[in-house]
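# Structural overview
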Amino acid sequence: MRFSPGDLSIELPTLPDGDISQAVTAAQAAFVGWRKTPIEARIACLKNAQQRLAAEKSDLARGIALETGKPITEARGELDAVVAKIDLAIDDANKHLADQTETDSLHPNLIRRRPRGVAGVIGPFNFPIHLAHGAITAYLLAGNTVVFKPSPHAMNVCETYGELMRDSFPQGVFEIVQGAATQGQQLVADPRVRSVCFTGSVTAGQAIARATADDLSKDVALELGGKNAVIVCADANLDQAANAIADAICLTAGQRCNSTSRVLVDQSVEADLIARLRDKLLSYVPGDPLLDTTRLGPLISQQAQQRYLQAISSDVQWLVEGAKVDSVDNRRGHFVLPALCRLDADDAPQHALFTQEIFAPIAAMVAYRSEDHAIELANATDFGLTTSVFTANRARFMRLADALIVGNAYQNLPTTFSPGTLPFGGLKSSGNHHPGGRSFVRFATDEQVVQMGSVVRGS
Ligand code: NAD
């Protein structure tokens, strides 16, 4: 039985596991025609899907809030991004998929990008539609067919999305299959699946990399976790920094790959930042995800709540005490309070609160002694997704950004800032190939170089 994480009295319908092999068979059969379909006709199908999705935006947003506990205002933002993504993906397709031809050289030639075949897309629970949808649109525009396996935590809302998408394309071009890790494993292991885009945890990403290691012709794009830091320099506007940090700790209850979970502060302004950050964090109180006023929703599951409880039971100095909240407005859910601890700079790199993704509204603060020390601490995890630097000095920011091993560096913006109009993705254990942002259409294709020698007639 499944229940809404923000109201455990609401039972959610459960959909049966689907048949991966059958879906791949349908997608493979459809590939023959879809790859030859002119790009203009593929774009028309995507625009059709866009209209359908736009018409269902508020129901889909409600579905996300009900099923995952994401606050409704955030869920609406996710749907806006889903609809907007289609135009961005079409721009990318027009930019990257056109043949490059050279006719005036000795051997006329062309460089073209060709679809790979059936693509498998596996999605997480926290942006259940948007993250998969980015990869799906790129694959489809490039002429691939797609089998989508959504998160089991968001099966109903993804099924609705899947139906809207399926009806916008010829039969078999887009397939959705429900299930959990087993179906994900079957999808990536199917030899007919030529390309995989996975968004989720590092553990599952590693399992997928291992499972596909022997098939060198299968491309695998991974968008994984984060342990994102904010660096607050002595010249920072501390109110601006505290606002951005609190927000990026609490958005989606800390369950974003780019949530802030580490705060590195210049030791000269530590006390001032703590005072401000405490006030901001205490203003985030859990609420019903379906209400417009709610800024902090519940965690996804009891298991996630247990992981949070274990983290806040650590024997460290807590600046903001976390706690489980059993009920909100008389409804039971997986609610928790934001928590902030302080770690000693020399011990921090060995501490799980500093190195491991907890996926809850918890952050660890560390005071640094110099700019080099801040860089060393920021880079002292296996992750490399986003880091924000709060400073009034652009040259200092550029210097730090150059030294930070992350895919996305921001000045005076929250770590969760990711407008969708630029590339987005992680380094190190946070992933590869930047599937989350612009230009994924390049990954969705193979490049072929064609050269023509002279035609010699006669024998
Ligand atoms: P998860 O890894 O538990 O599950 C993600 C998906 O993978 C689900 O559909 C699941 O059924 C499937 N799955 C699980 N094990 C699998 C396996 N061995 N083979 C194939 N499929 C498998 O992740 P989650 O809890 O849904 O999402 C949270 C994680 O996702 C966090 O680590 C977060 O940082 C990460 N994430 C990353 C980004 C990014 O852009 N880098 C974005 C969102 C979420």
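Below: a short report on this structure.

Criteria and thresholds
- Residues numbered from 1 in each chain as written.
- Predicted model: local features only at pLDDT ≥ 70, side-chain atom pairs only at ≥ 80, totals over all residues.
- Heavy atoms only, no water.
- Phe/Tyr/Trp six-rings, centres within 6.5 Å; stacked < 30°, edge-to-face > 60°.
- Helix = DSSP H or I, 4+ residues; strand = E, 2+ residues; numbered from the N terminus.
- Buried < 20%, exposed > 50% of the residue type's maximum accessible area, 1.4 Å probe, protein only.
- Lys NZ or Arg CZ within 6 Å of the ring centre and 35° of its normal.
- Near = heavy atom within 4 Å.
- Polar contact = N/O pair within 3.5 Å; in protein donor to acceptor, adjacent residues only side chain to side chain.
- Areas by Shrake-Rupley, 256 points an atom, 1.4 Å probe, with all protein chains shown as cover.
- Nonpolar A, V, L, I, M, F, W, Y, C, P; charged D, E, K, R; others polar.
- Pairing = 2+ DSSP bridges.
- Axes fitted to C-alpha atoms, helices over the stretch in contact; angles between N-to-C directions.
- Core = buried A, V, L, I, M, F, W, Y, C linked by side-chain atoms within 4.5 Å.
- Contact = heavy atoms within 4.5 Å.
- Salt bridge = Lys/Arg side-chain N within 4 Å of Asp/Glu carboxyl O.
- Left-handed = near helix turned anticlockwise from the far one by under 90°.

## Description of the packing of aromatic side chains
- This model, assessed by the stated rule, comprises seven aromatic pairs.
- Seen from their ring centres, Tyr139 and Phe440 are 5.5 Å apart, and the 80° between their planes marks the pair as edge-to-face. One end of the pair, Tyr139, is in helix α5 (residues 130-141); the other, Phe440, is in helix α15 (residues 440-443), and 301 residues separate them in sequence.
- Classification of Tyr139 as buried rests on a relative accessible area of 0%.
- A cation sits over an aromatic face here: Arg295 above Tyr284, 4.0 Å from the ring centre.

## What to know about the site of the ligand
- Residues in close proximity to the ligand total 28 residues, the closest being Gly123, Lys149, Ser201, Leu224 and Glu357.
- Taking Phe125, its main chain carries an N or O atom lying 3.1 Å from an oxygen atom of the ligand.
- The contact in question runs from an oxygen atom of the ligand to an N or O atom on the side chain of Lys149, over 2.7 Å.
- Compared with its free state, where it exposes 860 Å², the ligand has 89% of that area covered by protein.
- For the shell around the ligand, the elements supplying multiple residues, two or more each, are α7 (181-189), β8 (193-199) and α8 (202-212).
- Per-class residue counts for the shell around the ligand are 16 nonpolar, nine polar and three charged.

## With respect to the sheet that holds strand β21 (residues 445-451)
- The antiparallel open sheet is built from three strands, whose spatial order is β3-β4-β21. This sheet does not close on itself; its edge strands, each paired only once, are β3 (100-102) and β21. Neighbour to neighbour, the strand axes of the sheet diverge by 20° on average, direction disregarded.
- As defined by bridge partners, β3 adjoins strand β4 (residues 109-115) across three bridges and the pair is classed as antiparallel. Of the residues in β4, the one forming a bridge with Gln100 is Ile111.

## A short note on the nonpolar core
- Judged by nonpolar contacts, the single largest core of 64 residues is most densely connected at Val232, Leu273 and Ile362.
- Among the elements that make up this core, the one with the highest residue count is helix α9 (residues 238-250) (eight residues).
- Beyond its immediate stretch of four places on either side in the chain, Val232 contacts Leu238, Ala241, Ile245, Val263, Leu264, Val265, Asp266, Leu273, Tyr368 and Phe390.
- Grouped together as the second largest cluster of nonpolar side chains are 50 residues, Cys45, Ile72, Leu140 and Phe443 included.

## Digging into the sheet that holds strand β9 (residues 219-223)
- Read across the open sheet, the five strands follow the order β7-β6-β5-β8-β9; overall the sheet is parallel. Sheet topology places β7 (174-176) and β9 at the edges, where each strand pairs with a single neighbour. Within this sheet the neighbouring strands show an average axis-to-axis angle of 15°, counted without direction.
- Bridging between strand β5 (residues 118-122) and β8 involves five bridges; their strand directions are parallel. Each bridged residue has a counterpart across the sheet, and for Val118 the counterpart in β8 is Val193.
- The sheet contacts of α5 involve β5, β6 (145-149), β7 and β8, and relative to β6 the element is tilted by about 165°.

## Things to note about the pattern of salt bridges
- For the structure shown, the criterion picks out 21 salt bridges.
- The salt bridge involving Asp235 is made with Arg396; its shortest N-O contact spans 2.8 Å. You can see Asp235 sitting in the loop between β10 (228-232) and α9 and its partner Arg396 sitting in helix α14 (residues 394-403), a full 161 residues away along the chain.
- Given a relative accessible area of 21%, Arg396 falls into the partly exposed group.
- Residues joined by salt bridges that share partners form a network here, namely Asp235, Glu371, Arg396 and Arg399.

## Focus on the side chain of Asp288
- Mapped onto the elements of the fold, Asp288 is located in the loop between α10 (270-282) and α11 (302-312).
- Relative accessible area serves as the criterion here: at 8%, Asp288 is assigned to the buried category.
- A distance of 2.9 Å separates a polar atom in the side chain of Asp288 from the backbone nitrogen of Leu290.

## With respect to the packing of helix α2 (residues 39-55) against helix α6 (residues 155-166)
- Relative to each other, α2 and α6 sit at 145°, their axes nearing to 9 Å. For the element pair α2 and α6, the recorded crossing hand is right-handed. Across from Ala49, Arg52 and Leu53 in α2, the residues of α6 making contact are Tyr161, Leu164 and Met165.
- Partitioned by chemical class, the residues of the contact of α2 with α6 number five nonpolar, no polar and one charged.

## Digging into the environment of Asp315
- Structurally, the position occupied by Asp315 is in the loop between α11 and β12 (317-320).
- What makes Asp315 exposed here is its relative accessible area of 78%.
- Sequence-wise, Asp315 and Asp99 are 216 residues apart; in three dimensions their C-alpha atoms are separated by 60 Å.

## Some points on the pairing of strand β18 (residues 386-390)
- The buried fraction of β18 amounts to five of the five residues, a majority that puts the element mostly inside the structure.
- Side chains Thr386, Ser388 and Phe390 project from β18 onto one buried face, and the interleaved Thr387 and Val389 project onto a second face that is buried too.
- Sheet topology note: the β10/β18 ladder contains four bridges and is parallel. Within the sheet, the bridge partner assigned to Ala229 lies in β18 and is Thr387.
- Here four bridges tie β18 to strand β19 (residues 408-411), and the two strands are oriented parallel to one another. Each residue of the ladder has a partner; that of Thr387, found in β19, is Ala409.

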